[in-house]
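Below are the chains, spelled out letter by letter.
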There are 2 protein chains.
Amino acid sequence: MTIQTAIAALTSFLGDHLTLSKSDLEAHGASETHFAPAPPDAVAYPRDTNEVSQIVKTCADHDCPVIPYGAGTALEGHTLAIRGGVTIDMSRMNAVLAVNSDDMDVVVQPGLTREALNTELRATGLFFPVDPGANASLGGMASTRASGTTAVRYGTMRDNVLALEVVLADGRIIRTGSRARKSSAGYDLTALFVGAEGTLGVITELTLRLQGQPEAVSSAICSFDAIGDAVNAVIATIQIGIPMARIEFIDAQTTRACNAFSNADMPEVPHLMVEFHGSDAGVAEQATRFGEIVEEMGGTGFKWSSLAEERTALWDMRHKAYYACLALRKGAVALVTDVCVPISKLAEAVEDSRADIAASGLDGPILGHVGDGNYHAILLLEPGNAAEMEVAKALSNRMVERALAMGGTATGEHGIGMGKLDYMRDEHGDAWGLMGDIKQALDAKNILNPAKVVQVN
Amino acid sequence: MTIQTAIAALTSFLGDHLTLSKSDLEAHGASETHFAPAPPDAVAYPRDTNEVSQIVKTCADHDCPVIPYGAGTALEGHTLAIRGGVTIDMSRMNAVLAVNSDDMDVVVQPGLTREALNTELRATGLFFPVDPGANASLGGMASTRASGTTAVRYGTMRDNVLALEVVLADGRIIRTGSRARKSSAGYDLTALFVGAEGTLGVITELTLRLQGQPEAVSSAICSFDAIGDAVNAVIATIQIGIPMARIEFIDAQTTRACNAFSNADMPEVPHLMVEFHGSDAGVAEQATRFGEIVEEMGGTGFKWSSLAEERTALWDMRHKAYYACLALRKGAVALVTDVCVPISKLAEAVEDSRADIAASGLDGPILGHVGDGNYHAILLLEPGNAAEMEVAKALSNRMVERALAMGGTATGEHGIGMGKLDYMRDEHGDAWGLMGDIKQALDAKNILNPAKVVQVN
C-alpha cells in the first residue's frame, strides 16, 4: 500500500477529476512566501462531499497523505505536500448552498472565496465580515482561523463559523454545530476543526454568520510621534466602548512606502487608520469622540470622513500596504511575521521589534491590527540570499520569543503551517502534547496534512 | 483499588480539607431541579492548583470518579455523583488573581462567582458581562458554556474565556490559550474545555474578557398581540445593526406571573424587554429607532427610559420571572426546558410549544433570550407527582425534537448534565461518537465526571 496504489485506486473513480500533470502538481506544491516547493503526487478536484469522503477513505486504505487545498493563499506553507500524497483542491466545491437572511447566516462550500461570497450577498443587505486581505477560500480561512482588519469588531473565523460538515480521516462524514446562535450541547467540535489546518478532517461545508451592511460608515486617520501614544489612544477608545470596525497601525516606514506607492503625502511617522460602522449620527459621534481621544494622547492631523471615495482611498492604500512595502526594495521577497500580544504590551513589542530590525541591516516595515494586539513585520529579502534569510528568521524568532514572554502568541492569524511548528512547545507546553493526543484519536494513521500543527510518532 | 482506598489516600494529605460528613455529601449530591439526589463519597476543598492535581492523580491511581463542583447552580444535574467518588468543591479557590485593566481581562480562580467578580471590578470601570441569572461560579459557567440575557451583545462563555489552566485526568497541569486577543496557534483547546462539563479536565484558573461599563444605558418595553410580530421586530432590529445589550421575550402567561409577583400592570400579552448600551446620544437613538420598528411590526405600549430606577425595576422584574412563574402554582417545582432554534423559526417553535403545553393540562409559562433564538418553558409540577413529571418530560422531549428538526439544539445554555444525554445522538449523529473518542483520548479511565456528556465503554 503506497501513494502510487492510492492514486491508481482514485483514478478508477475520479477519472479526469484527478490530475498528475506536472504544472498542476507544481502549482499546488508552491507557497505564497519563502518555503521550498513540495508538490503532491496527484491533485483531486472533488465535486461533492461524497467524493471527498471516497477520496479520503481510499487514501486511508492506502496510507496515503491527503492535503486539503483552498485558494493557496496561506502564508506559512500550510498546503505543501512535504510527505507527498494527494492534494484535494476544493475549487470546484464553491457554491453558496443557502442564504438565510432572517437568520443572518449562509451555508457555503469550502472552495468559495470570501470575495465571491460577498458579491453573491450584495443584494441581501448582508455581508461576511472577516477580511484577511487575500481573496482566500472560506474553507481555508476556517482552517487557519483567519482574521484581518475587521476582527476588532466582528471577530475571527472562530467567532463566525456556526457549523461545519467535515470528512474524517476514515471517510466518515460528520456535522458539527447547528444554525442555532448558541448551544451548550457537548464538546465544541466546530471550534476544534477551525484552526486545525486540515490535520483533523477535511471541511466540506460551512455555515457562517453574516452581518447587516452598516447604514453609514466613517473613517479617520491620524498620526503620532510615538507608537506608545497611538496604542494608548486605542486602549482608551476600546475602554469607553467606541465600537471600531477597523483600527490599523502603520509605522513610519510603512507610511513612507504607502506615500510612494499610493501617491500620498502623509508625514513619515506612525499612523492609525480607523473605520466606524453604524447609523449616520452614530458614526459621526464615534469619529468625533475618537478625535478627542487622539488629541488627548498627542496625536495630530486627525481627519475623518463619511464620504465613500475618501474612505475607499484610505482602505485601498491600507490594503496595498504589503505591496507598497515590497516595492521599497526592488525585486524583494518578504518574510512576514505575525505575533499577537496583550495590547498593553503592544507598544513595547513593536518598539523592540523596530530596534531589532534596525540593528539587523534589513528593511522591515511594521503594520498591524492594533485593536487585537496583532502586528506584522514585512522583512524584505533578496531572493535566494541565504544570509539574509538567516537574519530574517532570527529576527522572526526573537519576535516570537518576546511575544510569548509577554503572554502572547506566535501567530495571531496566519497559522502554524511549516513556519511556526518549532514554537508550539514553547507556546503551549504540555498542552501541545494534548493536541497530539487528539490528532492521534482522530487520525491514527496520520494521513491528514501530516507533519503540520502537531508532532505524532 | 476502590473509591474507599482513594479516600484513604486523599485523607493523608488533605486532612480536614476532605470531608465525609453526611450533610456535606448530601448538599453536594442534590440538584437545583428535579433530579434524584446522588451524593459523592467524599468532598475535597482544595486550596490551589497543585492540590487539585494531587487529588485527581490520586483518584486516577485508584480508579475513583472525580466531580468538579462550583456553586451548585446547574439545572441539569451536572454535579450529581451518579457513580460515587470524590467531589472537588472549588469554593475555596475563589480569588481574583490579576486585573489587567489596559487589556480588559482578568485572571480568576474557578470558585469565584460572577457577582463577586463584578463587585471586585466595580472601581475599574470594567465588568464581566455574561449573566445566566444565578450567581454561578465562573468555573461552572465555563464548564457549561453558560450565557443568559446579555449573550446577544457580549456572547456566551465561549466568547469570553481567553485562556484556561486545567488539571488533566492524570493530574498533569496544562495551560490553554493566552492573554492575546486572538491566535492561530493550533487546536483551540480553550474552546474544547469550555462546555465539557468537567469530563475532560478540571478547570483551575480562567482568563476572562472584560467590557467597559457603558457610559449610558437605556431600556424599553413593549407588547405584541402575536409572538410572530415580536420576533419579526427583533429580526429587523438585528438586521439594521442596532446593538441590543439584552432583548428578552416573555409570553402572556409569564406577563401575568410578573404582574402578580412584582406588582406590575402590564397587559397580559407577549412582551419584549430591551436594553441598550452606549453613549448618551447613542442609547437614545437606539431606543427611538427600536420604537419605530416596534410600531411598524404592530407592537404597542412602547416606552423607553434611561432612568436608572426604571431600568432597575424592569430588569428586577425580569430576573424574578422564574420565581414569579413558580408562584403561579403554590408549592410547585419546575422542569425548565432550554431549546435554541434559528431565530426565523422561533415564533413557530414558541407557538407550537405554547399549544402543546396548553393541551397537556400543565401550566408552563414561556420566556426567552429572543435575540439568540433561545427560550425556556417553566413547567410547573406538584412535587412528587410522577404522572405530572411524565407529562412534563414528554413535553420537553417534543420541544427538543421540534428544535432539532428546525436546525436548532437541545440546550442553548443549560448544558447536558443528566437531562439531555438522550438527545446527543439525535443532535450530533456520528459527531457524538467523535466526542467519545476525544473523551477516551483525554480520560481513558473515565474518572472525570463519568456518565455525563459522552458515552464511553
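Residues numbered from 1 in each chain as written. Chains lettered and ligands numbered in written order. Predicted model: local features only at pLDDT ≥ 70, side-chain atom pairs only at ≥ 80, totals over all residues.

## Considering the environment of A:Ala230
All names here are of chain A. Along the chain, Ala-230 falls in helix H9 (residues 227-239). The exposure class of Ala-230 is buried, given the 28 C-beta atoms found within 10 Å. For the pair Ala-230 and Phe-249, spaced 19 residues apart in the sequence, the C-alpha separation amounts to 8.2 Å. With near-sequence residues (within four places) excluded, Ala-230 lies in contact with Phe-224, Phe-249, Pro-270 and Leu-272. (Helix = DSSP H or I, 4+ residues; strand = E, 2+ residues; numbered from the N terminus. Buried ≥ 20, exposed ≤ 12 C-beta atoms within 10 Å, placed from the backbone. Contact = placed C-beta atoms within 7 Å.)

## Some thoughts on the interface of chain B and chain A
Residue-level contacts link 79 residues of chain B with 79 residues of chain A. Looking at the side of chain B that touches chain A, the elements that each hand over two or more residues are helix H7 (157-160), strand E9 (173-177), helix H8 (189-193), helix H9 (227-239), helix H11 (280-296), helix H16 (424-428) and helix H17 (430-442) of chain B. The element that contributes the greatest number of residues to the side of chain B that touches chain A is H17(B), accounting for nine residues. Partitioned by chemical class, the residues of the side of chain B that touches chain A number 30 nonpolar, 30 polar and 19 charged. (Nonpolar A, V, L, I, M, F, W, Y, C, P; charged D, E, K, R; others polar.)

## Side note on the relation of the copies chain B and chain A
What connects the two chain copies is a rotation about an axis and a shift along it. Of the transformation placing chain B onto chain A, the axial shift is 0.0 Å and the rotation is 180°, giving an RMSD of 0.0 Å. Put plainly, the chains are arranged around a two-fold axis. Here 100% of the interface residues in chain B have copies in chain A that are interface residues too; the copies meet face to matching face. (Least-squares fit on C-alpha atoms with pLDDT ≥ 70 in both.)

## Comments concerning the sheet that holds strand E3 (residues 66-69) of chain A
Adjacent strands of a sheet pair through backbone hydrogen bonds, lying either parallel or antiparallel. Residues and elements named next belong to chain A. Overall, mixed pairing links the four strands, which are arranged E1-E2-E4-E3 in an open sheet. Because the sheet does not close on itself, it has two edges, and the strands there are strand E1 (18-19) and E3. Relative to strand E4 (residues 86-89), strand E2 (residues 42-44) runs parallel, the two sharing three bridges. Counted as the bridge partner of Ala-42 is Val-86 from E4. Sheet strands touched by helix H3 (residues 49-61): E2, E3 and E4. Its angle to E4, the strand with the most contacts, is close to 170°. (Pairing = 2+ DSSP bridges. Axes fitted to C-alpha atoms, helices over the stretch in contact; angles between N-to-C directions.)

## Regarding the nonpolar core
Counting residues in each nonpolar core, the largest one holds 298 residues, and the members touching the most others are A:Val86, A:Ile88, A:Leu379, A:Ala403, B:Val86, B:Ile88 and B:Leu379. When near neighbours in sequence (up to four residues on either side) are disregarded, A:Ile88 contacts A:Ala44, A:Pro46, A:Val52, A:Ile55, A:Val66, A:Ile67, A:Pro68, A:Tyr69 and A:Val202. (Core = buried A, V, L, I, M, F, W, Y, C linked by C-beta atoms within 7 Å.)

## Side note on the packing of H9(A) against helix H14 (residues 346-360) of chain A
Residues and elements named next belong to chain A. At a minimum axis separation of 9 Å, H9 and H14 run at an interaxial angle of 155°. One element, H9, and the other, H14, form an angle in the roughly antiparallel class. The chirality of how H9 crosses H14 is right-handed. In this structure, H9 contributes Ile-227, Gly-228 and Val-231 to the contact, and H14 contributes Leu-346, Ala-347, Val-350 and Glu-351. (Parallel < 35°, antiparallel > 145°, perpendicular 65-115°, else oblique. Left-handed = near helix turned anticlockwise from the far one by under 90°.)

## Some words on unusual backbone geometry
Its identity is not glycine, yet A:Arg145 carries a phi of approximately 50°, on the positive side. Position of A:Arg145 relative to the elements: it lies in the loop between helix H5 (138-143) and helix H6 (151-154). You can call A:Arg145 buried: it has 28 C-beta atoms within 10 Å. One non-glycine residue, B:Val453, adopts positive backbone phi at about 70°.

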